[in-house]
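Close look at the chain arrangement
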Amino acid sequence: MKDRRRIMFVLPRMNGGGAERVVSTLSKHLCENYDVTLLVLVSNESFYQLDSRIHFISAMFEVNRRNKITRLASLACNFFQAIYFVRKQVKIVSPHIVFSILEESDIVTALALIGLKKIFHISSERNDPEARNTLIQGILNRIYRRCDCFVCQSERVAKYYSSIPDSKKCVIPNPVNFSGYPERIGEGKIKRIVGVGRLKPQKNFELLIDSFGIIAPRYPEVQLDIYGEGTLRKRLQRQINNLKLEKR
């Protein structure tokens, strides 16, 4: 029987988050046709339930999050170890495809693959490049131009990376798993729109609140719930108050 092709995902952690949810969804479906390995740098736990066929490997690096300085120091110490760890696991697993997700993984993986036999490397932009540090973005621009395939979540992000040839660039929106959702909401129940994320500019909860303010008078039975913490909490609350949406 011919060996199945092998795909390896590389990402910082699986402790929750949008990119991590995407990986858990993709890896479950890819298990049908691929041998799937999930390689993470921090923690050996996954917030999302993973298919039992997935090989989950963690470097178990620790990040000191006491303050910004300790976080940067621990990340710097782990950087070269992470490159060695990914390179070693790639040699052991010998994947046909390596899919790095999130900027830390993109940088580490690109360096880890230098000098190894040709492996198809996919990188994916999961954030807003216009909001990123200029130095980091410059490094990522070079990495994304060199990878074999570059995935964007939207046409807007794809246009930002105009220097990357269209032949290696593709737009793939996030997958949605509908299996856990009811077909319809029961009568009499409050209808809720739910937003979850860090209260930071990148998440653009201002747009969500403004949009809800437009439709709220037409749909009095609908309520907006926002779950998250961050530096914009007070500003968002003022926005809600100004739109007289405190009870909605």
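Quantities reported herein were computed from a predicted structural model and do not represent experimental measurements.

Before going further, it helps to spend a moment on the state of the cysteines. Under the defined criterion, the tally for this structure stands at zero disulfides. With no disulfide of its own, C149 lies closest to C170 among cysteine sulfurs, the gap being 4.0 Å. The structure places no disulfide on C152, whose sulfur is separated from the nearest cysteine sulfur, that of C170, by 7.5 Å.

Despite not being glycine, L102 shows a phi value in the positive range, around 80 degrees. Looking at the element boundaries, L102 is found in the loop between β4 (97-101) and α3 (103-112). You will see that K244, though not glycine, has its phi angle at about 60 degrees, which is positive. Within the secondary structure, K244 sits in the segment after α7 (233-242).

Here the focus is the pattern of salt bridges. A side chain of one charge can pair with a side chain of the opposite charge when the charged atoms of the two come close. Tallied over the entire structure, the rule returns 12 salt bridges. Among the ionic pairs, D225 bridges to R192, the shortest N-O distance being 2.8 Å. Of this pair, D225 sits in strand β9 (residues 222-227) while R192 sits in strand β8 (residues 191-196); the two residues are 33 residues apart in sequence, bridging distant segments of the chain. We classify D225 as buried; its relative accessible area is 12%. Taking relative accessible area as the criterion, R192 reaches 45% and is therefore assigned partly exposed. The partner of R233 in a salt bridge is E229, with the nearest N and O atoms 3.0 Å apart. Overall, R233 belongs to the partly exposed group, its relative accessible area being 46%. The exposure class assigned to E229 is exposed, which follows from its relative accessible area of 51%. A single salt-bridge network, built from bridges that share partners, covers E32, D51 and R53.

With the rule as written, the count across this model stands at eight aromatic pairs. A centroid spacing of 5.5 Å and a plane angle of 80 degrees characterise the contact between Y144 and Y161, whose relative ring orientation is edge-to-face. Of this pair, Y144 sits in helix α4 (residues 134-146) while Y161 is found in the loop between α5 (155-160) and β7 (169-171), placing the two residues 17 residues apart along the sequence. Here a set of aromatic residues connected by ring pairs shows up, and it is made of Y144, F150, Y160 and Y161.

What counts and what doesn't
- Residues numbered from 1 in each chain as written.
- Predicted model: local features only at pLDDT ≥ 70, side-chain atom pairs only at ≥ 80, totals over all residues.
- Heavy atoms only, no water.
- Disulfide = S-S within 2.5 Å.
- Helix = DSSP H or I, 4+ residues; strand = E, 2+ residues; numbered from the N terminus.
- Salt bridge = Lys/Arg side-chain N within 4 Å of Asp/Glu carboxyl O.
- Buried < 20%, exposed > 50% of the residue type's maximum accessible area, 1.4 Å probe, protein only.
- Phe/Tyr/Trp six-rings, centres within 6.5 Å; stacked < 30°, edge-to-face > 60°.

In short, shape yes, function no, at least from these values alone.
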